[in-house]
Amino acid sequence: MKTYTIYLCLLLFVFSCTNKKTENWTHFRGSAQNGHSESPIAPTSWSETENISWKTAIDGKAWSSPVVYGNQVWLSSATPDGDRMFAVCVDFETGEILQEIDLFNPIEPERIHSTNSYATPTPCIEDGRAFFHFGTFGTACVDTKSMKILWKREDLNCKHMQGPASSLIIYRDLLIVHLEGTDVQFITALDKYSGETVWITHRPEEKYSEVEPVYRKSYQTPIVINVNGQDQLISNGAQFCMAYDPLTGKEIWRIFYGEDSTVAVPLFYNGTVYINSGWVVSEGKPYWCRLFAVDPTGQGDVTQTHVKWMNEEYIPQTSTPVIVDGLMYAVTERGMLSCRDAASGEIIWTEKLSGHFDISMLYAGGAIYFADAKATTYVIEPGREYKPISINSLDGIAKATPAILRGSILIRTDKFLYNIKS
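Residues numbered from 1 in each chain as written. Predicted model: local features only at pLDDT ≥ 70, side-chain atom pairs only at ≥ 80, totals over all residues. Heavy atoms only, no water.

(A) Geometry of the overall build of the chain. Assigned secondary structure in the chain consists of two helices and 35 strands. For the chain, the C-alpha radius of gyration of 21 Å lies close to 22 Å, the compact-globule estimate for 422 residues. Oriented by its inertia axes, the alpha-carbon framework of the chain measures out at about 75 × 50 × 45 Å. Residue burial in the chain is summarised as follows: out of 422 residues, 58% are buried. Partitioning the contacts of the chain with sequence separation of at least 6, the portion at a separation of at least 24 is 54%. Working note: accessible area of the chain is about 17500 Å², and carbon and sulfur atoms make up 51% of it. (Helix = DSSP H or I, 4+ residues; strand = E, 2+ residues; numbered from the N terminus. Rg over C-alpha atoms; globule rule 2.2 N^0.38 Å. Buried < 20%, exposed > 50% of the residue type's maximum accessible area, 1.4 Å probe, protein only. Contact = heavy atoms within 4.5 Å. Areas by Shrake-Rupley, 256 points an atom, 1.4 Å probe, with all protein chains shown as cover.)

(B) Structural view of the packing of aromatic side chains. Per the counting criterion, the structure on display carries 14 aromatic pairs. Relative to Trp-151, the ring of Phe-131 lies with its centre 6.3 Å away and its plane at 45 degrees, an arrangement referred to as tilted. Residue Phe-131 is found in strand E7 (residues 129–133), and its partner Trp-151 is found in strand E9 (residues 149–153); the two are separated by 20 residues along the sequence. Taken individually, Phe-131 and Trp-151 each receive the classification buried, so the pair is uniform in this respect. Seen in terms of ring centroids, Tyr-329 and Trp-349 are 6.3 Å apart; in terms of plane orientation they differ by 50 degrees. Their pairing is tilted. Remark: Trp-349 occurs in strand E28 (residues 347–352) and Tyr-329 occurs in strand E26 (residues 327–331); sequence separation between them is 20 residues. The burial state of Tyr-329 is the same as that of Trp-349; both residues are buried. Here a set of aromatic residues connected by ring pairs shows up, and it is made of Tyr-208, Phe-240 and Phe-256. (Phe/Tyr/Trp six-rings, centres within 6.5 Å; stacked < 30°, edge-to-face > 60°.)

(C) Representation of the side chain of Ser-360. Topologically, Ser-360 is positioned in the loop between E28 and strand E29 (362–364). Take Ser-360: its relative accessible area is 2%, and that puts it in the buried class. Within polar-contact distance, the side chain of Ser-360 engages the backbone nitrogen of Thr-320 at 2.9 Å. Not counting chain neighbours up to four residues away, the residues in contact with Ser-360 comprise Phe-28, Arg-29, Ser-319, Thr-320, Tyr-369 and Thr-401. (Polar contact = N/O pair within 3.5 Å; in protein donor to acceptor, adjacent residues only side chain to side chain.)

(D) Representation of the sheet that holds strand E4 (residues 85–91). One open sheet accounts for four strands, arranged E2-E3-E4-E5; its pairing is antiparallel. On the outer flanks of this sheet lie strand E2 (67–69) and strand E5 (97–104), each paired with one strand and no other. In this sheet, adjacent strand axes meet at a mean angle of 25 degrees when their direction is disregarded. Examined bridge by bridge, strand E3 (residues 72–78) and E4 share seven bridges and lie antiparallel to one another. Each residue of the ladder has a partner; that of Ser-76, found in E4, is Ala-87. (Pairing = 2+ DSSP bridges. Axes fitted to C-alpha atoms, helices over the stretch in contact; angles between N-to-C directions.)

(E) Region of the structure containing the environment of Arg-172. Considering the arrangement of structural elements, one finds Arg-172 in the loop between strand E10 (169–171) and strand E11 (174–180). Taking relative accessible area as the criterion, Arg-172 reaches 53% and is therefore assigned exposed. Along the backbone, Arg-172 and Pro-246 are 74 residues apart, and their C-alpha atoms lie at a distance of 9.5 Å. When sequence neighbours within four positions are dropped, the list of residues in contact with Arg-172 reads Lys-192, Asp-231 and Leu-247.

(F) Fine view of the environment of Met-242. By the secondary structure assignment, Met-242 is in strand E16 (residues 240–244). For Met-242, a relative accessible area of 1% puts it in the buried group. Through-space distance from the C-alpha of Met-242 to that of Ile-255 is 6.6 Å; in sequence the pair is 13 residues apart. Those residues within four positions of Met-242 in sequence are excluded, and the remaining contacts are Arg-203, Pro-204, Leu-233, Ile-234, Ser-235, Glu-251, Trp-253 and Arg-254.

(G) Geometry of the sheet that holds strand E19 (residues 272–276). Strand order in the open sheet formed by four strands is E18-E19-E22-E24, and the pairing between neighbours is antiparallel. Pairing within the sheet leaves two strands with one partner each, and these edge strands are strand E18 (267–269) and strand E24 (307–311). On average, adjacent strands in this sheet sit at an angle of 20 degrees to one another, irrespective of strand direction. Direction of pairing for E19 relative to strand E22 (residues 291–294): antiparallel, over a ladder of four bridges. Across the sheet, Tyr-274 pairs through a bridge with Ala-293, a residue of E22.

(H) Focus on the nonpolar core. Grouped together as the largest cluster of nonpolar side chains are 31 residues, with contacts concentrated most on Trp-46, Val-73, Val-90, Tyr-369, Ile-404, Leu-410 and Leu-417. With residues up to four places along the chain from it excluded, the contact list for Ile-404 reads Trp-25, Ser-37, Ala-42, Leu-362, Ala-364, Tyr-369 and Ile-409. Ranked by size, the runner-up nonpolar core spans 21 residues in total, among them Leu-103, Ala-119, Phe-137 and Met-147. (Core = buried A, V, L, I, M, F, W, Y, C linked by side-chain atoms within 4.5 Å.)

(I) Spotlight on the state of the cysteines. Here the structure, examined in full by the defined rule, presents zero disulfides. Cys-89 carries a free sulfur, and the closest cysteine sulfur to it, the one in Cys-141, is 14 Å from it. Between Cys-158, a free cysteine, and Cys-124, which holds the nearest cysteine sulfur, the sulfur-to-sulfur gap is 18 Å. (Disulfide = S-S within 2.5 Å.)

(J) A look at unusual backbone geometry. Even without being a glycine, Asn-228 presents a positive backbone phi close to 55 degrees. Note on placement: Asn-228 falls in the loop between strand E14 (223–227) and strand E15 (230–236). Phi at Tyr-314 is positive, roughly 60 degrees, even though this residue is not glycine. Among the structural elements, Tyr-314 can be located in the loop between E24 and strand E25 (322–324).

(K) Structural detail: the pattern of salt bridges. Within the structure shown, the criterion is met by 16 salt bridges. Between Asp-231 and Arg-172 there is a salt bridge; the shortest N-O distance is 3.7 Å. Of this pair, Asp-231 sits in strand E15 while Arg-172 sits in the loop between E10 and E11, placing them 59 residues apart in sequence. Here Arg-290 and Glu-312 are joined by a salt bridge, their closest N and O atoms 2.6 Å apart. Separated by 22 residues along the polypeptide, Arg-290 in the loop between strand E21 (285–288) and E22 and Glu-312 in the loop between E24 and E25 bring together distant segments of the chain. Shared partners join several salt bridges into a network, and the residues in it are Glu-126, Arg-129, Asp-173 and Lys-192. (Salt bridge = Lys/Arg side-chain N within 4 Å of Asp/Glu carboxyl O.)

Below is the structure:
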């Protein structure tokens, strides 16, 4: 009986080990798209000579984030002039480049803003398939086992003006793609297996027709939430934030804010949607952004009825905040770090930092992570007081939001991909 008990315990141990869920990082800001890592631990101290598991040179210029499934890390990249756009697969454990796949070769690609890249949209990934998007230049699906291109689309076009930036998301059997330029503004859902169009929805002509083309562009990445049993695709484009049925593209509700160049991803917490507008322009220059807290249970235009609060203090335009235990943390481009009550919008504390900040915030292992453009990452404790943990520097320029999983941080700079592990 004793031998049988030992044998049974051994079987249960093996079963639990083999069935342990492997952490993946499938989208921009994580698999749940909320900036939260599933990893219970994460490094809090590193440098060029400390806690670097591996460091791999990546060709091209790209501000897209890495995505991970199984033992594969996938990245998009492009030449600085945009004449070659490609995918790179790296081994998660060793950093070895497993494959480099050419996807698009535009002839005389349109110019982009000097601070952008031709490979800024982050890919997304699932078992067997990785999806890559270069805005108007093309969208593609790669088989992650055979390393072959399954399908490509080059007919979904717009004039970005400043280059592509919207990342893809997977929803069930659909791939959601945003293309909103100075000429056309639309969202489309593609069949993720074939690349064929399932639905396409254009932004409403009202308001858009009233503003100059420059104020119609946006660079947003949507999220999908569930409200009273119904999924909603939340898309904060220029002028409006709109909620759609992700299966059909039919509008559910909208709020109007009248700004363009939205970048930061919406958040959803405790039944409330948080939306960053684009730049508010004053005297011809962009100065600040607005943050809206919206009750997503309405229908139609809910600007006057379902906005819980709006705040203009310390709101980033580019980086996405993170919410932890009812507190929202954000850092503006000019380095104003803030903590606010997510329910009321009330500012709890602020801290002024030096540097320029475009990278979105993440939460992992009980700490909050965010970085500046000089590849300096700040780690702080969440809470009602500012409590720094560490400041960690790498060489190079950083504009890509990291991936944090399996006790590692994957940080991409302008030249390298790092795996940092304590």
